[in-house]
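# Chain and residue survey
Take a look at the letters that make up each chain.
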Amino acid sequence: MPKELWKGNEAIAEASVRAGLEAYFGYPITPQTEILEYLSRRMPELGRAFVQAESELGAINMVYGAACTGVRVMSTSSSPGVSLMMEGLSYIAGTEVPAVLVNVMRGGPGLGNIAPAQSDYNQAVRGGGHGDYPRIVLAPASVQEAIDLTALSFDLAEKYRMITMIILDGSTGQMMEPAEMPTMMEIKRKDFEWATTGAMNRERRVLSSIYLNPLDEEKTNLRLLKCWQDVQASEVRYKEYFLDDAKYVVVGFGTAGRVALSAVREARAQGIKVGLLRPITVSPFPYEALDQLTGQAEAFLVTEMNMGQMLDDVLLTVRGRVPVEFYGRPGGVVPFHNEILDEIKRIASGPLTVKSNPRDSWLTRMAA
Amino acid sequence: MTTPNNLVYDRPEAFTEMPTHYCPGCTHGVAHRLVAEVLEEMGMIDKTIGVAPVGCAVFAYNYFDTDFVEAPHGRAPAMATGIKRVLPDRVVFTYQGDGDLASIGMGEIVHAAARGENLTVIFINNANFGMTGGQMAPTTLPGMKTSSSQNGRDVETQGYPIKVSEMISTLDGVGYCVRRSLHDPKNIRLAKKAIRTAFETQVRGLGFSMVELLSTCPTNWGMTPVNSLKFVEEHMIPAYPLGDYKISDAIKQIKV
Ligand SMILES: Cc1ncc(C[n+]2csc(CCOP(=O)(O)OP(=O)(O)O)c2C)c(N)n1
Ligand code: SF4
């Protein structure tokens, strides 16, 4: 297929349709609304279900209901809306049904603003809803990657019977880039052995997340963990740039990773041996790849559009073996590549020490 | 086992073997039985998907011999919407208490009704939150004592009861909306007829259908089962008049 010019949000919408999306439920919120608008036209035209719900609570519970029948179902939202969906997400996790949720993140907390941010990393990868459950989280950095990861997200959700979340920010959602769209997948309803579709000549089925006996709930929690270990073993994804001989390693996901790549390229042109690790699955996080780099790197630079949320995952892996520095722009500010370039130069000119928390020195520099 | 020829009462096939957990004298059990009988009579056990609430009926899925899913508190109409939109030829119903439907889930029920979702809602109004120990519900009567309105519901500070059927029936998406009571055999028969009509409404694609059932909660009302039934008759019915709040013309033609 030839490349076409696609806007990020609409690309996600069309990619989900082509991946066999049978039902979409959503609620308007900037900067993701184009997904809802696009699907309000596209889904009915294909005879598939579309509802603009009364709220994000309504939307995610419609997703939950449809997910119980085993069809491919999705909702999309942005930060404040995703907070409202956390209740439903926890129930979906507890019931072990597959669903896809896209969060086109914006600046927060509270109503915040509608500018691109990576403010919801912790909410996405650490659970967000109540209870003890893991979740797959994918982080695209371009329109093409958003398309590819949308298709993948449905496969992963079904394979592991869990929510797969895609987190991106307003800039990837709003920008236009040439991208290749996959061909239309034919919808084949799978006869999952757990789906509640009306008993029709089989034993009836019940889907619920109540386990009044703590031992049963414990068993369920342990089963979720076991399943998560399979995900960790098979589904870690990341991209490496210039890492072969890198003395300094930048770590960034999504747009922050993409901006960092420009900075890394420029630093390379100036003779600095720096590379980039860009996690694609921020959950499961590429701990192992990072751990290996710890043997080779003299320092890490974590760059995010927040106050250092993924930073904690990096610190967990590096465990004080080499210095880790942090550069973040929270609140909806997108860093320019020369800001990150300056950070790379600062780190390359050393000397650096292992600090208790790189966030402290970053805050001091930000305030100056 | 041979069936005695004088048998007048048996366990509906739409019920599982599981004994219910409801308190003695609680009319949740009666409401369950009516729904089960209707599903069986209509031959729909196999194609029905129930949505259980959070509240005393949280375990409804143990009793109906149909596929069932369990909703978050109040969200059953949204879940049911999701199911019905992808499986339009199945029968989908929610079973919800007044805390579930009229308090936390008010948004979900109003919008499902307004959208005219082709589902059936069985709404149990027992004027309190049974499961959590009898707190005040949006449906608690003025002056009624509950564990969170211990001096009797004071409308000055705790607001007025919400008349759900009256409110829902104003919405254009609603095909059928009636209030019945479970306090005596005659009314139980009328309730069953209404439940049947509600499901017929759904099967014929005539829009949202809801049956509100005035019910007892002897345990939290602190009354004997018999006095609870009297309370429904003497206090609940005057506050929540029984009747047909909305029956669209197409549904009036249905003979059940
Ligand atoms: C989000 C949430 N809030 C509160 C509760 C606690 N809770 C469980 S049942 C219930 C009230 C149910 O009352 P009602 O719907 O009237 O049903 P009944 O028990 O009277 O049949 C509440 C508040 C909950 N489970 N979830
Ligand atoms: S607490 Fe009340 S509503 Fe719940 S089962 Fe007992 S009597 Fe019925």
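One can find the structure itself at the top, above this paragraph.
Residues numbered from 1 in each chain as written. Chains lettered and ligands numbered in written order. Predicted model: local features only at pLDDT ≥ 70, side-chain atom pairs only at ≥ 80, totals over all residues. Heavy atoms only, no water.

## Some details on the overall build of chain B
Rules: Helix numbering and strand numbering both begin at the N terminus, where a helix is a DSSP run of H or I of at least 4 residues and a strand a DSSP run of E of at least 2. Here the radius of gyration uses the C-alpha set of atoms, whereas the globule reference equals 2.2 Å times the residue count to the power 0.38. Partly exposed residues are those whose accessible area sits between 20% and 50% of the maximum for their type, while under 20% is buried and over 50% is exposed, using a 1.4 Å probe and protein chains only.
The helix and strand inventory of chain B stands at 10 helices and 9 strands. Since a compact globule built from 256 residues should have a radius of gyration of about 18 Å, the 17 Å found for chain B is in line with a globular shape. Its C-alpha atoms give chain B principal-axis dimensions of about 50 × 45 × 30 Å. The buried share of chain B, reckoned over its 256 residues, is 58%.

## Some thoughts on the pairing of strand β5 (residues 99-105) of chain A
Residue and element names in this part refer to chain A. Selection rule: Any two strands with at least two DSSP-identified bridges between them are counted as paired. Orient the strands so they point away from the viewer, and a crossover whose first-strand-to-second-strand path over the helix runs clockwise is right-handed.
Counting buried residues along β5, 7 of its 7 residues qualify, which places the element largely inside the surrounding structure. With 4 bridges joining them, strand β4 (residues 73-77) and β5 adopt parallel strand pairing. Directly across from Ser 75, in β5, lies its bridge partner Leu 101. One crossover worth recording links β4 to the parallel β5 by way of helix α4 (residues 79-95), and it is right-handed. Examined bridge by bridge, β5 and strand β7 (residues 163-169) share 7 bridges and lie parallel to one another. Counted as the bridge partner of Met 105 is Asp 169 from β7.

## Thoughts on the interface of chain B and chain A
Note the following rule: Contacts are residue-level and defined by heavy atoms, with any inter-residue pair within 4.5 Å sufficient. Throughout, the accessible surface (probe 1.4 Å) given up by two parts as they are put together, summed over both, is called the buried area. Within this document, salt bridges are pairs made up of a side-chain nitrogen of Lys or Arg and a carboxyl oxygen of Asp or Glu, the two lying within 4 Å of each other.
Counting residues at the interface gives 33 residues for chain B and 35 residues for chain A. Among the residues chain B hides against chain A, the three largest losses belong to Asp 46, Asp 67 and Val 86 of chain B. Together they make up 23% of the total. The interface formed by chain B and chain A contains 4 salt bridges. Among the ionic pairs, Asp 67 of chain B bridges to Arg 202 of chain A, the shortest N-O distance being 2.7 Å.

## Digging into the nonpolar core
The cut-off we apply is this: Side-chain atoms within 4.5 Å are what join buried Ala, Val, Leu, Ile, Met, Phe, Trp, Tyr and Cys residues into a set we call a nonpolar core.
Among the nonpolar cores identified, the biggest contains 109 residues, and Phe 300 and Ile 344 of chain A together with Ile 168 and Phe 208 of chain B are the most heavily contacted of them. The leading source of residues in this core is helix α3 (residues 56-68) of chain A, at 8 residues. Those residues in contact with Ile 344 of chain A that sit more than four places away from it in its chain are Val 250, Ala 263, Val 264, Ala 267, Ile 272, Val 274 and Leu 301 of chain A.

## Points about empty space enclosed by the protein
Residues and elements named next belong to chain A. What counts here: Using a 1 Å grid laid over the protein atoms alone, points where a 1.4 Å probe fits but cannot get out form a cavity; open sets with protein on both sides within 12 Å along at least 5 of 7 lines form a pocket; any residue with an atom within 4 Å of a point counts as lining. Grid points are joined across faces, edges and corners, and a volume is the space filled by probe spheres set on the points. In the scheme used here, Gly and all other residues not listed as nonpolar or charged are polar, with Ala, Val, Leu, Ile, Met, Phe, Trp, Tyr, Cys and Pro taken as nonpolar and Asp, Glu, Lys and Arg as charged.
Scanning the entire structure with this criterion turns up 3 cavities of 30 Å³ or more. Roughly 50 Å³ of volume is contained in the largest cavity. Lining the largest cavity, in full, are Ala 93, Glu 96, Tyr 133, Pro 134, Arg 161, Met 162 and Leu 224. Tallied by class, residues from the lining of the largest cavity come to 5 nonpolar, no polar and 2 charged. The computed volume of the second largest cavity comes to approximately 40 Å³. Considering the residues around the second largest cavity, the lining is formed by Val 71, Arg 72, Val 73, Pro 98, Ala 99, Val 100, Phe 154, Ala 157 and Glu 158. Mapped by element, the contributors of at least two residues to the lining of the second largest cavity are β5 and α6 (143-160).

## Re the layout of surface pockets
Residues and elements named next belong to chain A. By volume, the largest pocket amounts to about 350 Å³. What lines the largest pocket is a set of 21 residues, and nearest its centre among them are Ser 90, Gly 94, His 130, Ser 209 and Glu 217. Listing elements by their share of the lining of the largest pocket, those giving two or more residues are α4 and α8 (214-234). Split into classes, the residues belonging to the lining of the largest pocket amount to 11 nonpolar, 7 polar and 3 charged. Here the second largest pocket is characterised by a volume of approximately 280 Å³. If you trace the second largest pocket, you find 17 residues lining it, with Gly 108, Pro 109, Ser 119, Asp 120 and Gln 309 closest to the centre. Among the elements that take part in the lining of the second largest pocket, α4 stands out by supplying 3 residues, more than any other.

## Quick look at the pattern of salt bridges
Opposite charge on two side chains permits them to pair, given that their charged atoms come into close proximity. This structure, assessed with the given rule, holds 42 salt bridges over all chains. Between Glu 87 of chain A and Arg 75 of chain B there is a salt bridge, with the nearest N and O atoms lying 2.8 Å from each other. Remark: Arg 75 of chain B occurs in the loop between β2 (67-70) and α2 (76-86) and Glu 87 of chain A occurs in helix α4; the pair is interchain, linking two chains. A relative accessible area of 6% means that Arg 75 of chain B is categorised as buried. Residue Glu 166 of chain B pairs with Arg 179 of chain B through a salt bridge whose shortest N-O separation is 2.6 Å. Of the two residues, Glu 166 of chain B sits in helix α6 (residues 164-168) while Arg 179 of chain B sits in strand β7 (residues 174-181), which places them 13 residues apart along the sequence.

## Here we look at the side chain of Asn 306 of chain A
Residue and element names in this part refer to chain A. Convention followed: For this analysis, a polar contact is any N or O atom pair within 3.5 Å, provided that within protein one partner can donate a hydrogen and the other can accept it, and provided that sequence-adjacent residues contribute only side-chain to side-chain pairs.
Tracing the backbone through its elements, the reader meets Asn 306 in the loop between β14 (299-304) and α11 (310-318). For Asn 306, a relative accessible area of 2% puts it in the buried group. A distance of 2.7 Å separates the side chain of Asn 306 from the backbone nitrogen of Gly 308, its partner in a polar contact.

## Concerning the site of ligand 2
All names here are of chain B. We count it as follows: Nearness here has a simple test: a residue counts as near a molecule or strand if at least one of its heavy atoms is within 4 Å of that partner.
Near ligand 2 you find Tyr 22, Cys 23, Cys 26, His 28, Cys 56, Asn 126, Gly 130, Cys 217, Pro 218, Thr 219 and Asn 220, and these make up its full shell. Of the residues forming the shell around ligand 2, the biggest block, 3 residues, is contributed by helix α8 (residues 218-221). Classifying every residue of the shell around ligand 2 by side-chain character gives 6 nonpolar, 5 polar and no charged.

## A short note on the site of ligand 1
All names here are of chain B. Near ligand 1, the surroundings consist of 16 residues, among which His 28, Cys 56, Gly 99, Asp 100 and Gly 130 are the closest. Between ligand 1 and the protein, one listed contact pairs an oxygen atom with a backbone N or O atom of Asn 128 at 3.1 Å. Sorting the residues of the shell around ligand 1 by element identifies α3 (98-104) and β5 (128-129) as the ones contributing at least two each. When residues of the shell around ligand 1 are assigned to their parent elements, the largest contribution, 4 residues, is made by α3. Residue composition of the shell around ligand 1, by class: 5 nonpolar, 9 polar and 2 charged.

From the geometry alone we can't say anything about function, so treat these as descriptive.
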